[in-house]
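The chain contents come next:
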Number of protein chains: 2
Amino acid sequence: MDDDIKLALRAIKIAKEKIGHGCGPFGAVITKNGTIIAEAVNRVTLNHDPTAHAEILAIRKAAKVIKSHNLHGCTLYCSCEPCPMCLGAIYWAGISRVIYTCDRHNAAQAGFSDKNIYDEIILDAKSRKIVFKQIANLNGEEVFRVWEKNESKIPY
Amino acid sequence: MDDDIKLALRAIKIAKEKIGHGCGPFGAVITKNGTIIAEAVNRVTLNHDPTAHAEILAIRKAAKVIKSHNLHGCTLYCSCEPCPMCLGAIYWAGISRVIYTCDRHNAAQAGFSDKNIYDEIILDAKSRKIVFKQIANLNGEEVFRVWEKNESKIPY
C-alpha cells in the first residue's frame, strides 16, 4: 500500500479509537523522512482548550521532538481537511505537505464550524459575526521598531 | 481613558517589555466582564512552538482559568491584527470582541508572514505554496458517524 494512504488511514484510525475517551473526531500524524515523529487527536473539550485540534497538538509535539519551531520537510496527515486555525499553524511551522481525507463539508454535516470559519475569514472585518475593531492611532507598530533594533532576535 | 484604549495599550506594553527576553513582538490580553483573565506574548522561538503566538497562548490560559473551551463574552486585545491561525482560534473559542492596533501590513514590513497566509488561505489547494492533497476515497467521514453515535460526546 502507498505510504501516503497508509498514514492517512492511521490518522483516521487514531481518531476513531479515541472518540470513546472524550476526544473529538479528528486525528493527525506527522512524519519526517518517512518516520512518524508525532501524532495526536482532538482534545478541545477534554483539555478545556479551544486550540487543542489534532493538527495543532501534533505540530506542537513534532516541534518539541526536533527542538525547532520549523517543521520544513515534514508531512502532516489529517483525518479531515485542516481548519483555518490549523492551516495557519501549518504555514507558520513550514510543513511541506498536507494529506487529508474528508473535508470541511463533511465536518459541517457533523456540526463542526470549519466551513463557517473559512467563510468568515475572507469577509471584511465589519461584516464578520465576531466584532473585529482596529484602533489604529496607538502606534502599535512601534513594537516592530523595538524588535528590529534587538540584536538577539530570532526572525521566523 | 477609554477601557478599550487602555487594554490595547497594555497589549503593546507587554509585547515591548518582553522582546529583550527572547519573545516575538506581539502581545495579547483577554478580559471578561472588564477584568483581565489572561495575557501573553509571542514565544514561538523560545518554546520551539510555531503555534505559540500571543493570542493562542492567551486563549489557552483564559480557557484554563474559566475551565471551559468556550470564551463567549470575552474580549481579546492584540498589539497587532490576529493572523489566520489566531483568527481561527478566536472563532473556535467563541470570543465576542477583538480589538487590535496595527495590522498585517505593518507585520509584513517587519518580516512576518501574516499577510502571506491571509493571501494563501483563499487560494484553491492546488495553487498554494504548500502541497495540500485530498485522498477522498478513504472513508474519513466514517469518523463522524462513530462520533455521532457516541452518547457521551460533547459537541462544540
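Everything that follows concerns the structure shown earlier in this document.
Described below are features of the structure shown in this document. As the structure is a prediction and not an experimental result, all values here were calculated from the model. (Residues numbered from 1 in each chain as written. Chains lettered and ligands numbered in written order. Predicted model: local features only at pLDDT ≥ 70, side-chain atom pairs only at ≥ 80, totals over all residues. Heavy atoms only, no water.)

**Description of the sheet that holds strand 5 (residues 131-134) of chain B**
With mixed pairing, 5 strands are arranged side by side in an open sheet as 2(A)-1(A)-3(A)-4(A)-5(B). Single-partner strands in this sheet number two, and they are strand 2 (35-42) of chain A together with strand 5 of chain B. Taken over all neighbouring pairs, the strand axes of this sheet differ in orientation by 15 degrees on average, direction set aside. Alignment of strand 1 (residues 24-32) of chain A against strand 2 of chain A, held across 7 bridges, turns out to be antiparallel. Looking at strand 2 of chain A, one finds that Thr31 of chain A is bridged to Ile36 of chain A. Packing against the sheet, helix 2 (residues 54-66) of chain A makes contact with strand 1, strand 2 and strand 3 (74-80) of chain A, and its axis sits at approximately 145 degrees to strand 2 of chain A. (Pairing = 2+ DSSP bridges. Helix = DSSP H or I, 4+ residues; strand = E, 2+ residues; numbered from the N terminus. Axes fitted to C-alpha atoms, helices over the stretch in contact; angles between N-to-C directions. Contact = heavy atoms within 4.5 Å.)

**A few points about the packing of helix 1 (residues 3-18) of chain A against helix 7 (residues 142-149) of chain B**
Between helix 1 of chain A and helix 7 of chain B, the shortest axis-to-axis distance is 10 Å and the interhelical angle comes to 0 degrees. Classed by the angle they form, the pair helix 1 of chain A and helix 7 of chain B counts as roughly parallel. Each of Ile12, Ala15 and Lys16 of chain A in helix 1 of chain A lies in contact with helix 7 of chain B, whose residues at this interface are Glu142, Val143 and Val146 of chain B. Partitioned by chemical class, the residues of the contact of helix 1 of chain A with helix 7 of chain B number 4 nonpolar, no polar and 2 charged. (Parallel < 35°, antiparallel > 145°, perpendicular 65-115°, else oblique. Nonpolar A, V, L, I, M, F, W, Y, C, P; charged D, E, K, R; others polar.)

**Details of the packing of aromatic side chains**
By the definition in use, this model includes 14 aromatic pairs over all chains. Between Phe112 of chain A and Phe144 of chain B the ring centres are 6.1 Å apart and the planes differ by 40 degrees, which places this aromatic pair in the tilted class. Linking Phe112 of chain A in the loop between helix 4 (104-109) and helix 5 (114-121) with Phe144 of chain B in helix 7, this pair reaches from one chain into another. Note on Phe144 of chain A and Phe26 of chain B: the rings are 5.4 Å apart at their centroids and 70 degrees apart in plane angle, and the pair reads as edge-to-face. In this pair, Phe144 of chain A is assigned in helix 6 (residues 142-149) and Phe26 of chain B in strand 1 (residues 24-32), connecting two distinct chains. (Phe/Tyr/Trp six-rings, centres within 6.5 Å; stacked < 30°, edge-to-face > 60°.)

**Side note on the pairing of strand 1 of chain B**
Residues and elements named next belong to chain B. Counting buried residues in strand 1 gives 8 out of 9 residues, a clear majority hidden from the surface. Between strand 1 and strand 2 (residues 35-42), which pair antiparallel in sequence order, lie 2 residues; one of them, Asn33, sits at a positive phi of approximately 50 degrees. When strand 1 meets strand 3 (residues 74-80), the two strands line up antiparallel, connected through 5 bridges. Paired with Ala28 across the strands is Cys78, a residue of strand 3. (Buried < 20%, exposed > 50% of the residue type's maximum accessible area, 1.4 Å probe, protein only.)

**Here's the deal with helix 1 of chain A**
All names here are of chain A. Over its 16 residues, helix 1 runs 23 Å from end to end, which matches the ideal 22 Å to within 8%, given 1.5 Å per residue. Of all the residues in helix 1, the buried ones are Asp4, Leu7, Ala8, Ala11, Ile12, Ile14 and Ala15. Take helix 1 and look down its axis: the buried residues cluster within an arc of 165 degrees, on one side only. The N-cap of helix 1, judged by a side-chain oxygen 2.9 Å from the amide nitrogen of Asp4 a few residues on, is Asp2. (Expected span 1.5 Å × (residues − 1). Arc of directions from axis to C-beta. Polar contact = N/O pair within 3.5 Å; in protein donor to acceptor, adjacent residues only side chain to side chain.)

**Notes on the interface of chain B and chain A**
At the junction of the two partners, chain B supplies 87 residues and chain A supplies 87 residues. For the pair chain B and chain A, the summed buried surface comes to about 7,800 Å²; carbon and sulfur atoms form 71% of the total. Taken together, the links from chain B to chain A amount to 4 salt bridges. Close ionic contact of Asp49 of chain A with Arg60 of chain B constitutes a salt bridge, the shortest N to O distance being 3.0 Å. Seen at the junction of chain B and chain A, the total is 22 residue pairs in polar contact (both at pLDDT 80 or more). When residues of the side of chain B that touches chain A are assigned to their parent elements, the largest contribution, 9 residues, is made by helix 4 (residues 84-93) of chain B. Across 4 bridges, the pairing between strand 5 (residues 131-134) of chain A and strand 4 (residues 97-102) of chain B is parallel. (Buried area = accessible area lost by both parts, 1.4 Å probe. Salt bridge = Lys/Arg side-chain N within 4 Å of Asp/Glu carboxyl O.)

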